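For reference, the chains in residue letters:
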Amino acid sequence: MNLKRKHILFLILVFALKNTCFAKEKFDFNIWRGVKSMRGERAIMRVTIPDNPNGTAVIICPGGSYHHLGVYNEGATTAKWFNSQNVTTFELWYRIANDNYHYPAQMQDFQRAIELVRENATQYKIDPSKVGAIGFSAGGHLVTWAGAFATRSNELLKLGIKTNVSLRPDFVIPVYPVVSMQDEIGHEWSRESLIGKKASEAQKELFSMDKQIPPDMPPTYIVACVDDPVVIYENSVRLFQALREKGILCEFHTYDWGGHGFGMQNNNFMKVFHWNEPLKEWLISLGFLP
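The structure displayed is predicted, hence computed values, not measured ones.

A.B. asks: It is not clear to me how helix α2 (residues 71-84) should be interpreted in this structure. Could you clarify?
C.D. replies: Since there are 3.6 residues in each turn of an α-helix, residues three or four apart along the chain are aligned in direction. For α2, built from 14 residues, the straight-helix expectation of 20 Å at 1.5 Å per residue is met to within 8% by its first-to-last C-alpha distance of 19 Å. Along α2, the residues classified as buried are N73, E74, G75, T77, T78, A79, W81, F82 and N83. Looking at the buried positions of α2, the neighbouring elements they touch are β2 (44-49), β3 (57-61), β4 (88-93), β5 (131-136), β6 (172-175) and α10 (276-285). Following α2 by one or two positions, N86 adopts a phi angle in the positive range, close to 65°.

Quick look at the structure:
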């Protein structure tokens, strides 16, 4: 075999390994399948189990103003990176306002997702005490909300679903998150999609996550850029302040530029700041990565 042919075969092998070594098993399913009270409802979860799972799982919630979903830039690329760290991923395509779904559909979907992840921990090759969540923009609001309300509001019981597993994520990663629903700094489109155009002041307060941090809030890692043109940077500042006031283990990684919607794509922001590297160190420090 000549050198040129060997080189071509080597490149083919490298390409094949690059695209298969992190994903041993991948499948999608409707999380509401078989639930009588939710007949006809549909929310999809994509499960990816890496070749050598380390026991940690992460539920991924793309953003999109609670109106649509950034499935690729905030879902698929995030799953790929976590899979490369041997983390089992669960991309949650929760119900959205574009399909006429509002509160409490999104929290129902998240709590159902974490219930199924923990109840099927053996099948997914995970440790049920190492199930976290990462969310982007409105998805960042959703995972923060899930952490804050896990022991406060069980949406599954209202649907006739009983479970013995915890609905509380073990860590929460809100990235350029929607936090406040107040007129001053809130993201209007997300608020309207979630709780309507005529939300009361009480509703705005209830769904402003900086106002709702409990003492048992999971460890939280916030990422945001000062120049964010979509969700005002102050959202993340207020969330961080609220977490610190309650004594919650938290970190806030802030960047001067990067805007909004960068996800985990290999874009200019990622190439300059490699924002997932300090995230990796944080996960290692908490025992979620080896």
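That was the structure; now back to the text.
A.B. asks: What's the story with the side chain of S208 in this structure? I'm lost.
C.D. replies: On the secondary structure map, S208 appears in the loop between α7 (201-206) and β7 (220-225). A distance of 2.6 Å separates the side chain of S208 from the backbone oxygen of K204, its partner in a polar contact. Other than its neighbours up to four places away in sequence, S208 contacts V179, S180, M181 and Q182.

A.B. asks: Help me understand the sheet that holds β7 in this model?
C.D. replies: Taking strand neighbours across the sheet as the criterion, the eight strands line up as β1-β2-β4-β3-β5-β6-β7-β8 in an open arrangement whose pairing is mixed. Two strands lie at the open edges of the sheet, namely β1 (25-30) and β8 (250-255), each paired on one side alone. Put simply, the sheet's adjacent strands are angled 15° from each other on average, direction ignored. Helix α3 (residues 105-119) contacts β1, β2, β3, β4 and β5 of the sheet and is inclined by roughly 160° relative to β3.

A.B. asks: I'm lost on the nonpolar core in this one. Help?
C.D. replies: Within soluble globular proteins, side chains that are nonpolar tend to cluster in buried spots. Judged by nonpolar contacts, the single largest core of 64 residues is most densely connected at W32, I59, F110 and W145. A per-element tally of this core places helix α5 (residues 138-149) first, with seven residues. In terms of nonpolar packing, the next biggest core, distinct from the first, is built from 26 residues, I173, Y176, F262 and L279 among them.

A.B. asks: Would you take a moment to explain the pattern of salt bridges for this structure?
C.D. replies: If you walk through the whole model with that rule in mind, you get eleven salt bridges. Put simply, R46 and D28 hold a salt bridge, and the shortest N to O gap is 2.7 Å. Placement of the pair is R46 in strand β2 and D28 in strand β1, with a sequence separation of 18 residues. Classification of D28 as partly exposed rests on a relative accessible area of 37%.

A.B. asks: Can you help me understand unusual backbone geometry in this one?
C.D. replies: Excluding glycine, residues mostly carry a negative phi; peptide bonds, for their part, are mostly trans. Between Y103 and P104 the backbone carries a cis peptide bond, its omega angle lying at 10°. Unlike most non-glycine residues, S65 shows phi in positive territory, near 65°. Relative to the helices and strands, S65 is located in the loop between β3 and α2. Of note, S137 is a non-glycine position whose phi angle comes to about 60°, a positive value. Its location among the elements puts S137 in the loop between β5 and α5.

A.B. asks: How should I be thinking about the environment of F262 in this particular structure?
C.D. replies: Position of F262 relative to the elements: it lies in the loop between β8 and α9 (268-273). Remark: the alpha-carbon pair of F262 and K80, spanning 182 residues in sequence, is separated by 15 Å. If near-sequence neighbours (up to four positions away) are discounted, F262 is found in contact with V175, Y176, V223, C225, N267, F269 and W275.

A.B. asks: Help me understand α5 in this model?
C.D. replies: The terminal C-alpha atoms of α5, which comprises twelve residues, lie 16 Å apart, in line with the 16 Å expected from a rise of 1.5 Å per residue. Burial analysis of α5 places twelve of its twelve residues in the buried class, which makes it a mostly covered element. Buried within α5 are the following residues: A138, G139, G140, H141, L142, V143, T144, W145, A146, G147, A148 and F149.

Conventions we followed
Note that residues are indexed from 1 along each chain, following the sequence as it is written. Per-residue local features of the predicted model are confined to residues with pLDDT of at least 70, and side-chain atom pairs are confined, for both listing and counting, to 80 or more; whole-chain, interface and lining totals are unaffected and use all residues. The side-chain values count all of the structure's non-hydrogen atoms but skip hydrogen atoms and water molecules. The way it works is that DSSP assigns letters per residue, a run of H or I at least four long becomes a helix, a run of E at least two long becomes a strand, and they are numbered from the N terminus. An expected span of 1.5 Å times one less than the residue number is assigned to each helix. With a 1.4 Å probe rolled over the protein chains alone, any residue whose accessible area is under 20% of its type maximum counts as buried; one over 50% counts as exposed, and the rest are partly exposed. Contacts are residue-level and defined by heavy atoms, with any inter-residue pair within 4.5 Å sufficient. Throughout this description, a polar contact denotes any pair of N or O atoms lying within 3.5 Å of each other; where both atoms belong to protein, one of them has to be capable of donating a hydrogen while the other can accept it, and for residues adjacent in sequence the pair is counted only when both atoms sit in side chains. For two strands to be treated as a pair, DSSP must find at least two bridges joining them. Lines fitted to the C-alpha atoms define the axes, with helices restricted to the stretch that makes contact. Angles between their N-to-C directions range from 0 to 180 degrees. Buried Ala, Val, Leu, Ile, Met, Phe, Trp, Tyr and Cys residues form a nonpolar core when they are joined through side-chain atoms within 4.5 Å. When a carboxyl oxygen of Asp or Glu lies within 4 Å of a side-chain nitrogen of Lys or Arg, that pair is called a salt bridge.

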